[in-house]
Amino acid sequence: MSCLNPSRKSMMGDISDFRKILEQRKGRRDQIQDSIQNLELSIKEKGRELRRHEQARTIIQEVALKTQKQLSYHISEITSLALNTIFPEPYALEADFVQRRNKTECDLYFVRNEERVDPLSASGGGAVDVSAFALRVASWSMQRPRSRNTLILDEPLRFLSAEYQILGAQMLKQISEKLQLQFIIVTHEEKLTEQADRIFTVKIKNGVSSITTQNNKE
């Protein structure tokens, strides 16, 4: 007959419990090591994605800068040419792209003798009228694909003084022919119609409208 000492029995139970705890800790250690490996792989992948995003952002910034320069040149060129066609000492138009509120905005200035002038507050209405017309033409010419080659203009160049109205009409004609762009113009200025291919005159008498047509070019 054998008999196990109670203290020895208790010791064996403690060892068994320690083994279970040890196995649990080993399992937890393995899980943590797997998690660390997964996190390291994830960090590497995020690092590669970050570099790709930084490269893409750099490319986008370069393309945006080149596009802005092209837009600035295109807008300035067309508008400055229009102003130069009419005025003896014309302003040049300058387009300046700036960042505001995380957006790119375009500021427009008149420039004369290397000095910037706010178009709306420091120049005559005629220059603003010509510039507004030229900007609309520039905007149309930059469309891809372009819309139909017809622009409808309501009272264009209405603030252009009488001495420049004929030059304004010639400018409209030259741009129309150069860009193959048709202008349909509503105006009260007879001088602006001198270069028109066809004139529709609308008169109202006793509440009734009548229209007469005149062909300037056969």
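Structure first, text after, so check above.
Residues numbered from 1 in each chain as written. Predicted model: local features only at pLDDT ≥ 70, side-chain atom pairs only at ≥ 80, totals over all residues. Heavy atoms only, no water.

## Considering the overall build of the protein
(1) Moving on: Regarding its fold elements, the protein presents three helices and seven strands.
(2) Moving on: For the protein, the sequential pattern of α-helices and β-strands runs α-β-β-β-α-β-α-β-β-β.
(3) Moving on: The C-alpha radius of gyration of the protein comes to 38 Å, more than 25% above the 17 Å expected for a compact globule of 218 residues.
(4) Moving on: With the C-alpha coordinates of the protein rotated into their principal frame, the extents come out at 135 × 50 × 30 Å.
(5) Moving on: Looking at the protein as a whole, 23% of its 218 residues are labelled buried.
(6) Moving on: Within the protein, residue pairs in contact and separated by at least 24 positions form 48% of the contacts whose partners lie at least 6 positions apart.
(7) Moving on: Accessible surface, the protein as shown: approximately 16,700 Å² in total, 52% of it carbon and sulfur.
(8) Moving on: Between the mean site of the 33 positive side-chain charges and the mean site of the 29 negative ones, the protein shows a separation of 11 Å. (Helix = DSSP H or I, 4+ residues; strand = E, 2+ residues; numbered from the N terminus. Rg over C-alpha atoms; globule rule 2.2 N^0.38 Å. Buried < 20%, exposed > 50% of the residue type's maximum accessible area, 1.4 Å probe, protein only. Contact = heavy atoms within 4.5 Å. Areas by Shrake-Rupley, 256 points an atom, 1.4 Å probe, with all protein chains shown as cover. Lys, Arg positive; Asp, Glu negative; His and termini not counted. Charge placed at Lys NZ, Arg CZ, Asp CG, Glu CD.)

## A short note on the sheet that holds strand 2 (residues 103-112)
(1) Moving on: On the basis of which strands lie adjacent, the open sheet formed by three strands has the order 1-2-3 and antiparallel pairing. Looking at which strands have only one partner, the edges of the open sheet turn out to be strand 1 (92-100) and strand 3 (115-117). Across the sheet, the mean angle separating the axes of adjacent strands is 45 degrees when strand polarity is ignored. (Pairing = 2+ DSSP bridges. Axes fitted to C-alpha atoms, helices over the stretch in contact; angles between N-to-C directions.)

## Overview of a nonpolar patch on the surface
(1) Moving on: On the surface, a nonpolar cluster with roughly 460 Å² of combined accessible area is contributed by Phe200, Val202, Ile204 and Ile211.
(2) Moving on: The element best represented in the nonpolar patch is strand 6 (residues 198-205), accounting for three residues.
(3) Moving on: For Ile211, the location among the structural elements is in strand 7 (residues 208-215).
(4) Moving on: What makes Ile211 exposed here is its relative accessible area of 57%. (Patch = residues over 30% accessible without salt bridge, like charges linked within 9 Å, V, L, I, M, F, W, Y side chains within 5 Å. Salt bridge = Lys/Arg side-chain N within 4 Å of Asp/Glu carboxyl O.)

## Regarding the side chain of Gln165
(1) Moving on: With respect to the helices, strands and loops of the structure, Gln165 is situated in helix 3 (residues 162-179).
(2) Moving on: Classification of Gln165 by relative accessible area gives buried; the value is 2%.
(3) Moving on: Those residues within four positions of Gln165 in sequence are excluded, and the remaining contacts are Leu157, Leu160, Glu189, Lys191 and Leu192.

## Focus on the packing of aromatic side chains
(1) Moving on: All told, the structure shown has three aromatic pairs when counted by the stated rule.
(2) Moving on: With centroids separated by 5.1 Å and ring planes inclined at 75 degrees, the aromatic side chains of Phe87 and Tyr164 adopt a geometry described as edge-to-face. Residue Phe87 is located in the loop between helix 1 (6-86) and strand 1, and its partner Tyr164 is located in helix 3; the two are separated by 77 residues in the primary sequence. Of the two residues examined, Phe87 and Tyr164, each falls in the buried class.
(3) Moving on: Geometrically, the ring pair formed by Tyr91 and Phe110 is stacked, given 4.8 Å between the ring centres and 10 degrees between the ring planes. Here Tyr91, found in the loop between helix 1 and strand 1, pairs with Phe110, found in strand 2; they are 19 residues apart in sequence, far enough to count as distant.
(4) Moving on: Among the residues examined, Tyr91 registers a relative accessible area of 15% and is labelled buried.
(5) Moving on: Of the residues examined, Phe110 reaches a relative accessible area of 0% and is grouped as buried.
(6) Moving on: Sitting over the ring of Tyr91, Arg112 keeps its end group 3.9 Å from the ring centre.
(7) Moving on: The positively charged end of Arg116 is found above the aromatic ring belonging to Tyr109, 4.3 Å away from the centroid. (Phe/Tyr/Trp six-rings, centres within 6.5 Å; stacked < 30°, edge-to-face > 60°. Lys NZ or Arg CZ within 6 Å of the ring centre and 35° of its normal.)

## Things to note about the environment of Leu151
(1) Moving on: Inspection of the secondary structure puts Leu151 in strand 4 (residues 150-154).
(2) Moving on: Residues Leu151 and Leu181, 30 residues apart in the sequence, show an inter-C-alpha distance of 7.5 Å.
(3) Moving on: If sequence neighbours within four positions are ignored, Leu151 has contacts with Arg136, Val137, Trp140, Leu181, Gln182, Phe183 and Ile184.

## What to know about the pattern of salt bridges
(1) Moving on: By the definition in use, this model includes 10 salt bridges.
(2) Moving on: For Arg29, the salt bridge is made with Asp30, and the minimal N-O distance between the two is 3.3 Å.
(3) Moving on: Linked by salt bridges that have partners in common, Arg100, Arg101, Glu105 and Asp107 make up one network.

## Re the packing of helix 2 (residues 125-141) against helix 3
The description of two helices packed together rests on the angle between their axes and the distance between the axes.
(1) Moving on: One can describe the packing of helix 2 onto helix 3 by two numbers: an axis separation of 13 Å at closest approach and a directional angle of 5 degrees. Judged on the interaxial angle alone, helix 3 and helix 2 are roughly parallel. Within the contact between the two elements, helix 2 uses Val130, Phe133, Val137 and Trp140 and helix 3 uses Met171, Leu172, Ile175 and Leu179.
(2) Moving on: For the contact of helix 2 with helix 3, the class distribution of residues is eight nonpolar, no polar and no charged. (Parallel < 35°, antiparallel > 145°, perpendicular 65-115°, else oblique. Nonpolar A, V, L, I, M, F, W, Y, C, P; charged D, E, K, R; others polar.)

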